[in-house]
Amino acid sequence: MAKSTQLIDNEVFRAYATYAAIVLLKMMLMSLVTAYFRITRKAFANPEDTASFGKGDSAKKFLRTDADVERVRRGHLNDLENIVPFFGIGLLYALCGPDLSTALLHFRIFAGARILHTFAYLIPLPQPSRGLSWAAGYAVTISMAYKVLSKALYL
Amino acid sequence: MAKSTQLIDNEVFRAYATYAAIVLLKMMLMSLVTAYFRITRKAFANPEDTASFGKGDSAKKFLRTDADVERVRRGHLNDLENIVPFFGIGLLYALCGPDLSTALLHFRIFAGARILHTFAYLIPLPQPSRGLSWAAGYAVTISMAYKVLSKALYL
Amino acid sequence: MAKSTQLIDNEVFRAYATYAAIVLLKMMLMSLVTAYFRITRKAFANPEDTASFGKGDSAKKFLRTDADVERVRRGHLNDLENIVPFFGIGLLYALCGPDLSTALLHFRIFAGARILHTFAYLIPLPQPSRGLSWAAGYAVTISMAYKVLSKALYL
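Residues numbered from 1 in each chain as written. Chains lettered and ligands numbered in written order. Predicted model: local features only at pLDDT ≥ 70, side-chain atom pairs only at ≥ 80, totals over all residues. Heavy atoms only, no water.

Remarks on the interface of chain B and chain C
- Across the boundary between the two partners, chain B contributes 39 residues, which contact 37 residues of chain C.
- In total, about 3200 Å² of surface goes out of reach between chain B and chain C, with carbon and sulfur atoms giving 70% of it.
- Where chain B touches chain C, the interface holds three salt bridges.
- Across the salt bridge formed by C:Arg130 and B:Asp49, the nearest N and O atoms sit 2.9 Å from each other.
- The biggest single contributor to the side of chain B that touches chain C is helix α2 (residues 11–40) of chain B, with 18 residues.
- Per-class residue counts for the side of chain B that touches chain C are 26 nonpolar, six polar and seven charged. (Contact = heavy atoms within 4.5 Å. Buried area = accessible area lost by both parts, 1.4 Å probe. Salt bridge = Lys/Arg side-chain N within 4 Å of Asp/Glu carboxyl O. Helix = DSSP H or I, 4+ residues; strand = E, 2+ residues; numbered from the N terminus. Nonpolar A, V, L, I, M, F, W, Y, C, P; charged D, E, K, R; others polar.)

Describing the relation of the copies chain A and chain C
- At an RMSD of 0.0 Å, chain A and chain C line up after a rotation of 120 degrees and a shift of 0.0 Å along the axis. Such a combination of turn and shift is consistent with a three-fold rotation axis. (Least-squares fit on C-alpha atoms with pLDDT ≥ 70 in both.)

Looking at the packing of helix α5 (residues 100–122) of chain A against helix α6 (residues 129–152) of chain A
Residue and element names in this part refer to chain A.
- Interhelical geometry of α5 versus α6 gives an angle of 155 degrees and a closest axis separation of 8 Å. The angle between α5 and α6 falls in the class roughly antiparallel. You can see that α5 and α6 cross each other, and the crossing is left-handed. Across the interface between the two elements, His-106, Phe-107, Ile-109, Phe-110, Ala-113, Arg-114, Leu-116, His-117, Ala-120 and Tyr-121 from α5 touch Ser-129, Arg-130, Ser-133, Trp-134, Ala-136, Gly-137, Val-140, Thr-141, Ser-143 and Met-144 from α6. (Axes fitted to C-alpha atoms, helices over the stretch in contact; angles between N-to-C directions. Parallel < 35°, antiparallel > 145°, perpendicular 65-115°, else oblique. Left-handed = near helix turned anticlockwise from the far one by under 90°.)

Things to note about the nonpolar core
- By size, the foremost hydrophobic cluster in this structure holds 117 residues, and its most contacted members are A:Phe13, B:Phe13 and C:Phe13.
- In this view, B:Phe13 contacts B:Leu7, B:Ile8, B:Leu91, B:Ala94, B:Leu95, C:Leu92 and C:Leu95; residues no more than four positions away in its chain are not counted. (Core = buried A, V, L, I, M, F, W, Y, C linked by side-chain atoms within 4.5 Å. Buried < 20%, exposed > 50% of the residue type's maximum accessible area, 1.4 Å probe, protein only.)

A look at the interface of chain A and chain C
- The interface of chain A with chain C comprises 36 residues on the first partner and 39 residues on the second.
- For the pairing of chain A and chain C, the buried interface totals around 3200 Å² over both sides, and the portion due to carbon and sulfur atoms is 70%.
- Inspection of the chain A/chain C interface yields three salt bridges.
- In this structure, the salt-bridge partner of C:Glu48 is A:Arg71, at a minimum N-O distance of 2.9 Å.

Quick look at the relation of the copies chain B and chain C
- Overlaying chain B with chain C gives an RMSD of 0.0 Å, the required rotation being 120 degrees about an axis along which the chain moves by 0.0 Å.
- A share of only 15% of the interface residues of chain B reappears at the interface of chain C, consistent with the copies meeting through non-equivalent patches.

A word on the environment of C:Leu63
Residue and element names in this part refer to chain C.
- Relative to the helices and strands, Leu-63 resides in the loop between α3 (57–60) and α4 (67–95).
- A relative accessible area of 32% places Leu-63 in the partly exposed class.
- Here Leu-63 is in contact with Phe-44, Ala-45, Asn-46, Pro-47 and Thr-50, once residues within four sequence places are set aside.

What to know about a nonpolar patch on the surface
Residue and element names in this part refer to chain A.
- Residues Ile-115, Phe-119, Ile-123 and Leu-125 make up a contiguous nonpolar surface patch of about 360 Å² in total accessible area.
- Residue position: Ile-115 is located in helix α5.
- The class of Ile-115 is partly exposed, set by a relative accessible area of 36%. (Patch = residues over 30% accessible without salt bridge, like charges linked within 9 Å, V, L, I, M, F, W, Y side chains within 5 Å. Areas by Shrake-Rupley, 256 points an atom, 1.4 Å probe, with all protein chains shown as cover.)

Brief notes about the packing of aromatic side chains
- Counted under the stated rule, the structure contains 27 aromatic pairs over all chains.
- Ring plane angle 35 degrees and centroid distance 4.6 Å describe the contact between C:Trp134 and C:Tyr138, whose orientation is recorded as tilted. You can see C:Trp134 and its partner C:Tyr138 sitting in helix α6 (residues 129–152), four residues apart, about one turn around the helix.
- A relative accessible area of 19% means that C:Trp134 is categorised as buried.
- Overall, the relative accessible area of 10% leaves C:Tyr138 in the buried class.
- A cation over an aromatic ring shows up here: A:Arg130 above the ring of A:Tyr121, its NZ or CZ 4.4 Å from the ring centre. (Phe/Tyr/Trp six-rings, centres within 6.5 Å; stacked < 30°, edge-to-face > 60°. Lys NZ or Arg CZ within 6 Å of the ring centre and 35° of its normal.)

Observations regarding the environment of C:Val72
Residues and elements named next belong to chain C.
- Looking at the element boundaries, Val-72 is found in helix α4.
- Taking relative accessible area as the criterion, Val-72 reaches 1% and is therefore assigned buried.
- In the structure, Val-72 is positioned 42 residues away from Met-30 in sequence and 7.0 Å away in space, judged by C-alpha atoms.
- Apart from the residues lying within four places of it in its own chain, the contact partners of Val-72 are Met-30, Val-33, Thr-34, Phe-37 and Leu-122.

Here's what the structure looks like:
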């Protein structure tokens, strides 16, 4: 057991684990928001999901797309496109031995930016709120990737 | 070599590696299922994919969406939305030094739930089969995230 | 600090970190390509993104799908479906202590295949360019998964 728990005793790695878990949980929350909008807007993608509304044409009309549902789904996909690289590059970054304060700065900005991005997408806030929050998270990931490549480069 | 192979000698980490590889392979299988349905249903997304059916209008009619193809694609996307958080949070969880039996319970339920989910989506089985298998995998990931945050929290 | 930086001193792990960072950055680049096509083709998904084009019907016409934008988005999703398993299975593989030359061969073929895949998708090149580059990356990931399961199997 000793060996595998040592990594988690390192403060940078603990900070990474904390913020990685937070943004992954935030991403998972999008599934619940999608389900909420699908149920309240009565807009489903699968015939078996509308079976409780009766058979035939009465249920078929709920097989439709809804603007609010599609908005949440775009937000969810955007999370996948951005949080997955953060998770991967962030893990490698945390293993590169950065300064704790620098690492915390990266992780905090990313988590804050993605939470802002979700609010900007779902409310929605006028642009460039969503664009800027997206760009902040993107820049943090690029910055960590630069550190990883300058420290570990082995082609 | 010594240092980097020690992690894989830990039983919890080996169990994580096994189940993570299984669910990632299961997710990759969805690409083949999509290709199978695209070919048998003759429903493609890109003009260059239909070139072997001839030129012009005769090939253009295969550029269409098909209900079965879209169903597999939704299943694939659902895998991405759920297996990615499991992979990430599960990795951090495995590094937190949980009991082997508790960890195995988490990993086994998740892998079983996602395999069931795929069958429920593709056959399709009547609801709530898909909903419950989705919820079981979701609950496992939340439970692991709780362990990670209670063990590693460093904000 | 000592413990957590040792992993990155291992040559196999450095090679993994390098190629994983490269393919994740390549995947992130797809966001910029999407934004470029959305702006040049004037094809947006959200009403708030078209606000700068004026109010009402004059802006509404830019809420549309465009063939080029959809092509980039399919390429981005395909990256998610393939680079995510590579990242996950590759990490476990790198921790299994493979030979450095074997590991480098896997990582290089995968990175090359995915870069080719992107060009094949975006230009687009005639098939089977895209199909073969996809298959090469897929085969590399399966090969690494086989190594992980044969080394770590603990069910």
